[in-house]
Amino acid sequence: MLSKKLEQALNDQIRIEAESSQVYLSMASWAEVKGLEGIAGFMYAHSDEERIHMLKLVKYVNERGGHAQISELKAPKTDFGSFQKLFQELYEHEIFVSESINELVHVTLQEKDYATHNFLQWYVAEQIEEEALARTILDKINLIGNDKGGLYLFDRDVQQITVESAAANPQA
Ligand code: FEO
């Protein structure tokens, strides 16, 4: 049985994962209307992953005798300026998510809930992957600079980064 404090903290994380899904969905839509099909595909896939992160938490909370709360979500912004800024925001958002996961892990230790501590290790590992992926993409973007041909190739290849990482992490 989850303590009330931990149940609340898990519910907060459910909202963060749901909001992350919305943020990436909004990024996907922005990229799609700009004609950046590959980037849009990457963001749609990322949005789906965040929904899976949320669902795993929902099911876990309910399985442990809690009640997963499905709450109202903050609307993400709809304009991201440039594809460089878009990916910078993705990176910063993932750092924010990592910090929230770390806080959550901290609560499991305070509450001496080692089952939840164990369950959350999947998220800890996932955040390492997601931050590394975002950094890899930012490095590629830095190489491109303002080269239009580079953007064309990046837009074509970024979807492959999604496919490759999905293949490397079939559970993600
Ligand atoms: Fe669910 Fe991208 O963190």
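Q: Outline the packing of aromatic side chains, listing residues and values.
A: For the structure on display, the rule yields seven aromatic pairs. Ring geometry for Phe-42 and Phe-87: centres 5.7 Å apart, planes at 55°, overall tilted. With a gap of 45 residues between them, Phe-42 in helix α2 (residues 37-63) and Phe-87 in helix α3 (residues 83-110) connect regions that are remote in the sequence. Across this residue pair, the class does not change: Phe-42 and Phe-87 are buried. Consider the rings of Phe-119 and Tyr-123, whose centres lie 5.7 Å apart with planes at 55°: the pair is tilted. One end of the pair is Phe-119 and the other is Tyr-123, both in helix α4 (residues 114-144) and four residues apart, which spans about a single turn.

Q: Describe the nonpolar core, listing the residues and the values that go with them.
A: Residues Ile-39, Met-43, Phe-87, Ile-137 and Phe-154 are the most contacted members of the largest nonpolar core, which totals 27 residues. Of all elements in the fold, only α1 (4-33), α2, α3, α4 and α5 (148-168) reach the threshold of two or more residues within this core. Beyond its immediate chain neighbours, meaning those up to four positions away, Ile-137 contacts Phe-42, Phe-87, Phe-154, Val-158 and Ile-161.

The rules behind each value
Residues numbered from 1 in each chain as written. Predicted model: local features only at pLDDT ≥ 70, side-chain atom pairs only at ≥ 80, totals over all residues. Heavy atoms only, no water. Phe/Tyr/Trp six-rings, centres within 6.5 Å; stacked < 30°, edge-to-face > 60°. Helix = DSSP H or I, 4+ residues; strand = E, 2+ residues; numbered from the N terminus. Buried < 20%, exposed > 50% of the residue type's maximum accessible area, 1.4 Å probe, protein only. Core = buried A, V, L, I, M, F, W, Y, C linked by side-chain atoms within 4.5 Å. Contact = heavy atoms within 4.5 Å.

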